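Structural overview
Single-letter residue listing:
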Amino acid sequence: MVKSEKLQELEIEEPLASDYVESVVESMKSGAELLVESFLEEDVEYIFGYPGGAVLPLYDSFYDEHIPHILYRHEQGATHAAEGYARVSGKPGVVVVTSGPGATNAITGIADAYSDSLPLVVITGQVATPGIGKDAFQEADILSMTTPITKHNYQVNDVKDIPRIVKEAFHVANSGRKGPVVIDFPKDMGVLSTNEIYDTTVNTPGYTVNTTPQVDEVQQLIDYLKSSQKPIVLAGAGINFSKSNQALLSFVEQHQIPVVTTLHGLGAIPYDHPLFLGMGGMHGSYASNMALTECDLLINFGSRFDDRLASKPDEFAPLAKIVHIDIDPSEINKVIDTDLGIVADAKEVLEQLLRFNNIATKHDDWVAHVQSNKENYPFRYSQIEGDIFSKPQRAIEYIGQITNGDAYVTTDVGQHQMWVAQFYPFKTHGQLITSGGLGTMGFGIPAAIGAKFAKPDATVVAFVGDGGFQMTNQEIALMNEFNLNIKVVLINNGTLGMVKQWQDKFFNQRFSHSVFNDQPDFMKLSEAYGVKSFLIDQPERLEKTLDEAFQYEGPAVIEIRISPTEPVLPMVPSGKANHEMEGLT
């Protein structure tokens, strides 16, 4: 019997079809695998995270260790660590957490990164697609929760979209004014497979950023400078993010312009430079705040005029023309009315200004005046013989000497943060890693760990208070696990120091719940985590013990006991103008 032609065709095509099906199956990739591949495409060095049910498919892919995963002890710690990494490396920190409480625990770090313009890509687990909106176990509407505190957020609804979404997320997080992006990742999207990929070309017209200033804008700034007798530069975080401190230094030296920084602008100009007047604002220096008040031209590079700097906007730099350079157009005229707003990258503006190298202005009398203020009214402290407590200012100053001003310094929030800003001798951009806009207690330790992963060979010091230490101290387990040579300096006054200082000043010394009536033994707590501890409870032992601690090769917690009544001075009371400082003597 002769086989039909059709049957013969089928017999010929059958093995080909089988090969085709097999090749298709082999090329299928799960959503979890696509996520890891997308991370590799973005050159992700570390994943900071904490697993849970909704992200088990992702964690199964992490098992192959294509990218090191660092297991934190709390999701807030993971996000703060990613912030520290992002600040030091300049790359987005990557966080993976599970759904529900895992995602909500990460919200503090996401909000902190949004406030301080730090690039994060945060993967939040979500219940499987069929369960969304049905109050499934550990479901949380993370898209609604994070919309106000992210540059953008996504929910994965098709496996084919994962590479595009990840590529866009990294682009958005790290372009223009940087910030966090959330990708909500339903559990089934990690399991489902595909051999098709949607177009991964980045197309985000809403995030197209202008970085180049107009020539006429730069010329206008130069014209202002030519006619100015008392100019100052206000250097904000924009100088540090654009890595333009060298260009800034060349510019201010060429024109002899004094420099005031914000908290996040510290390091934009070296601490010991004669044109540096210090940090301005609530706990800024007398020289800085008087310069802000008396100047006739203020050139703001990358500061958002926040209320800690300009607590009374109507009286801020009242005699000055205001020039505001910022990459975010929404910041221009938001707080302070400007005479010239330039939407551009600070570095590109400075590079154009430096091309006017045949123009050099001098302001000798003005520079002499502000330097006299700096000399006559420095940050002060006094160690009186017989004191039973060490001075935190001296401790920070001495650690600055031990580290030669080269350390990456993280802090929590409060009095110790301001003392660090006043007394640590920062040399360059990116050295200070602190929570500015949100003011998050517990930031310092996990941020230091993230910074150390970014720069393993660098000296990293975390200054924390006894309040903030008790919020995230569980993360010091990682210092032992990875043998991270981080020095945690615990400034212990037995109180919530800044809260107590305000209660002392503004609430008739009614110290409502700002004093800890009982504290753990911090030294035993540190040793329980396998981290060596040093105690400084006598001022005469301060320098010797600090020498021992910093010579020790390994992680350490150094507890320094200070007076519960030690204030941060000077201080501009809330709602007052910069020149209305108190506590100068």
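Being a predicted model, the structure only gives us computed values, none of them experimental.

**Remarks on the UniProt feature "domain: Thiamine pyrophosphate enzyme TPP-binding" (unreviewed entry) in the protein chain**
The positions UniProt marks with the feature "domain: Thiamine pyrophosphate enzyme TPP-binding" (unreviewed entry) are residues 412–560. Summarising residues 412–560: 40% helix, 17% strand, and an end-to-end C-alpha distance of 15 Å.

**As for the pattern of salt bridges**
The final tally for this structure, using the stated rule, is 19 salt bridges. Between Arg394 and Glu397 there is a salt bridge whose closest N-O contact spans 3.1 Å. In this pair, Arg394 and Glu397 are both assigned in helix H16 (residues 392–402), three residues apart and thus about one turn of the helix distant. What makes Arg394 buried here is its relative accessible area of 19%. Counted as one network, the salt bridges with shared partners bring together Arg177, Asp328, Glu331 and Lys334.

**Regarding the packing of aromatic side chains**
Overall, the coordinates contain 19 aromatic pairs when judged by the stated rule. Each ring, one from Tyr46 and one from Phe453, has its centre 5.0 Å from the other, and the planes form 50°; the classification is tilted. A residue pair is termed long-range when its members are at least 10 positions apart, and Tyr46 in the loop between helix H2 (31–41) and strand S2 (47–50) and Phe453 in helix H18 (residues 444–454) qualify at 407 residues. Between the aromatic rings of Tyr381 and Phe423, the centroid separation amounts to 5.6 Å while the plane-to-plane angle is 75°, which identifies the pairing as edge-to-face.

**Some details on the sheet that holds strand S12 (residues 297–301)**
Picture the strands of a sheet paired through backbone hydrogen bonds; they go either parallel or antiparallel. Strand order across the open sheet formed by six strands is S11-S10-S9-S12-S13-S14, with parallel pairing between neighbours. In this open sheet, the two edge strands, each paired with only one partner strand, are strand S11 (276–279) and strand S14 (340–343). Averaged over all adjacent pairs, the angle separating strand axes in this sheet is 15°, with direction ignored. By the bridge criterion, five bridges tie S12 to strand S13 (residues 321–326) in an arrangement that is parallel. Residue pairing for S13: Leu298 is matched across the bridge by Ile322. Packing of helix H12 (residues 245–255) onto the sheet brings it into contact with strand S9 (231–235), strand S10 (259–261) and S12, and relative to S9 it is tilted by some 170°.

**What to know about unusual backbone geometry**
Cis geometry is found at the peptide bond from Leu569 to Pro570, where omega equals -5°. Looking at the secondary structure, you find Pro570 in the segment after strand S20 (556–561). Its identity as a non-glycine residue notwithstanding, Asn508 has a phi of 55°, on the positive side. In this structure, Asn508 sits in the loop between helix H21 (497–506) and helix H22 (522–528). Owing to a relative accessible area of 69%, Asn508 belongs among the exposed residues under this scheme.

**Things to note about helix H4 (residues 75–89)**
Since the α-helix packs 3.6 residues into each turn, any two residues three or four apart lie on the same face. Counted at 1.5 Å a residue, the expected span for H4 with its 15 residues is 21 Å, and the 21 Å between its end C-alpha atoms agrees. Burial within H4 is extensive, with 14 of its 15 residues counted as buried. At the C-terminal side of H4, Gly90 shows a positive phi close to 80°.

Calculation criteria
Residues numbered from 1 in each chain as written. Predicted model: local features only at pLDDT ≥ 70, side-chain atom pairs only at ≥ 80, totals over all residues. Heavy atoms only, no water. UniProt positions renumbered as here; feature names shortened; annotations may be inferred. Helix = DSSP H or I, 4+ residues; strand = E, 2+ residues; numbered from the N terminus. Salt bridge = Lys/Arg side-chain N within 4 Å of Asp/Glu carboxyl O. Buried < 20%, exposed > 50% of the residue type's maximum accessible area, 1.4 Å probe, protein only. Phe/Tyr/Trp six-rings, centres within 6.5 Å; stacked < 30°, edge-to-face > 60°. Pairing = 2+ DSSP bridges. Axes fitted to C-alpha atoms, helices over the stretch in contact; angles between N-to-C directions. Contact = heavy atoms within 4.5 Å. Expected span 1.5 Å × (residues − 1).

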